[in-house]
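Residues per chain are reported as follows:
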Amino acid sequence: MNGLLDKAWQRRLAAGLLVALVGVAFAWFFIVPRLRPHIFSGAVIQSTQKAPRLELDVAGGQTVRMTDFEGQVVVVYFGYTFCPDICPATLGKLADAMEILGDRADEVQVMMVSIDPERDTPEMLAEYVTHFHPDFIGVTGDPQTVNRVATLYGVYYEATEGTAETGYTIDHTTTVMLVDKEGFLKLVLLFEGTAAQIAADIEYFL
Amino acid sequence: MRRKTLSRKTLIRSAIPVLVIILAAAAFAVFEPIQVLPRIRLAPGYLLTDQSAATLTSEDVRGDIVLYNFGYSGCGEDCAQMNGTMAAIQSRLGEVDVGDTNIRFVTISFDPAQDTPEALAEYANAIGADLDKWTFATAEPGHLENVVKAGFRSYYEDRGDGSFTFDPKFVLVDGWGVIRGEYRYQTQTSDSDKILRHIDILGEEIRNSHGAASLAYEAAHFFLCYP
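(A) The overall build of chain B, seen in detail. Broken down by element type, chain B carries 6 helices and 10 strands. The C-alpha atoms of chain B give 24 Å as radius of gyration, which overshoots the globular expectation for 227 residues (17 Å, by more than 25%). On the principal axes, the C-alpha backbone points of chain B span a range of 95 × 40 × 30 Å. Among the 227 residues that make up chain B, the fraction classed as buried is 32%.

Shown next, in the form of structure tokens:
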């Protein structure tokens, strides 16, 4: 016997190490990701009460309520059709998130609430939001109702002077809210989140 | 009758669970469980006018810890205790560690007819508020109803004689705009002690909830280790 181990034992040890290495790699890539809890890109809310009530108008003279979407995850965003930058960027990101979700996007309803009820009609909203994704809906109402809904969803907005081309513009909160299938407001996402992060957060609630 | 004696192996086997329990209890006492404040619901968005006639919005305080209360400049003794609590917390902020996060105080008046910016500034001065941290603000009545009554769920009603029936209440909101504490009455612990302890818990979460530790904090929220 030469050295500490003979060749047979060296072979067994090498084989053992190889098996251990493959086992660790398998666990690292296939088991650990499944066990690791999801880290949300936004702030989770654990309210025991359902999302604030919402009853607003959509194109076609119809009214929608939050309760109409129970069984679907509702992604709520507050914006307006004359919005020059943040709104199209957010809706574009949400459309990309829907693409990432693939078939599961059928279980999601993206809704933009107009904070510009003076200019945005339900028909204008429908045309605007479907430009980003055919299943998105746009809702509005009278100014008092819109103010109440926006306030309760943590959204501030204020008209500011724009240019002759844009007319007035509106400063507003840019967060996106996620309501789960049971109608509880569960998540607040910041504008900075990527489409992939938004998709992963939505998928958690599907 | 032959007496059966416990073997050494049996003794060791029975001692192991007891030892595990003792060690777990010791670890619990030494490391202390993570405490978190509940994420109650979204605080309302708002657009207010403050004591210097500037606008104050919910976006201006995003990222800050904010303690709100509700009142009006003409409320006299009815607000004295509440204002005293706010002032006490303001003066004792050195007792809490919230890292780089700002702590702000906002008093929302539900009497916009009387509480002009000048009246609010005078009121702030009278109660010795540090206006670098403490803002007094109000809005038009319709928006106030949405913000104070519906959003913060704090009741008020005009008695018609220049005074109000109202709900003395503090609301603690985190930098995400999520309500983390609501305080309606004084218990055995004074409101200022309790609110300061809660601000400190919030500060600890803000300071430590990064990377792998954030999982422990999420677990604490999940298992509701609320103080």
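(B) Structural context of the interface of chain B and chain A. Contact residues are listed per partner, giving 26 residues for chain B and 22 residues for chain A. Counting residues per element, the ones that place at least two in the side of chain B that touches chain A are strand 1 (41–42), helix 4 (141–151) and helix 6 (212–222) of chain B.

(C) Geometry of the domain arrangement of chain A. Along its sequence, chain A is organised into domain 1 (1–36) and domain 2 (43–204). Of note, the centres of domain 1 of chain A and domain 2 of chain A, computed from C-alpha atoms alone, are 52 Å apart.

(D) Representation of the pairing of strand 5 (residues 108–114) of chain A in the model. Residues and elements named next belong to chain A. The buried fraction of strand 5 is high, at 6 of 7 residues. Relative to strand 5, strand 4 (residues 73–79) runs parallel, the two sharing 7 bridges. Bridge pairing links G79 to S114 in strand 5. Regarding the hand of the β-α-β motif, the stretch spanning strand 4, helix 2 (residues 86–101) and strand 5 is right-handed. Bridging between strand 5 and strand 6 (residues 137–139) involves 3 bridges; their strand directions are parallel. By the bridge assignment, M112 is partnered in strand 6 with G138.

(E) View of the sheet that holds strand 10 (residues 185–189) of chain A. All names here are of chain A. Spatially, 1-10-9-4-5-6 is the arrangement adopted by the 6 strands of the open sheet, whose pairing is mixed. If you trace the sheet from one side to the other, it starts and ends with strand 1 (43–44) and strand 6, each paired once. Of the strand pairs in this sheet, strand 4 and strand 9 (residues 176–179) are connected by 4 bridges, and their pairing is antiparallel. Looking at strand 9, one finds that V74 is bridged to V179. Against the sheet, helix 3 (residues 122–130) makes contact with strand 5 and strand 6, and its axis sits at roughly 150° relative to strand 6, the strand it touches most.

(F) Summary view of unusual backbone geometry. All names here are of chain B. We note that A53 has phi near 65°; this positive angle belongs to a residue other than glycine. With respect to the helices and strands, the residue A53 is situated in the loop between strand 2 (47–50) and strand 3 (55–57). Judged by local crowding, A53 falls into the exposed class, with 11 C-beta atoms found within 10 Å.

The rules behind the values
Residues numbered from 1 in each chain as written. Chains lettered and ligands numbered in written order. Predicted model: local features only at pLDDT ≥ 70, side-chain atom pairs only at ≥ 80, totals over all residues. Helix = DSSP H or I, 4+ residues; strand = E, 2+ residues; numbered from the N terminus. Rg over C-alpha atoms; globule rule 2.2 N^0.38 Å. Buried ≥ 20, exposed ≤ 12 C-beta atoms within 10 Å, placed from the backbone. Contact = placed C-beta atoms within 7 Å. Domains from an automatic or database assignment. Pairing = 2+ DSSP bridges. Right-handed = clockwise from strand over helix to strand, strands pointing away. Axes fitted to C-alpha atoms, helices over the stretch in contact; angles between N-to-C directions.

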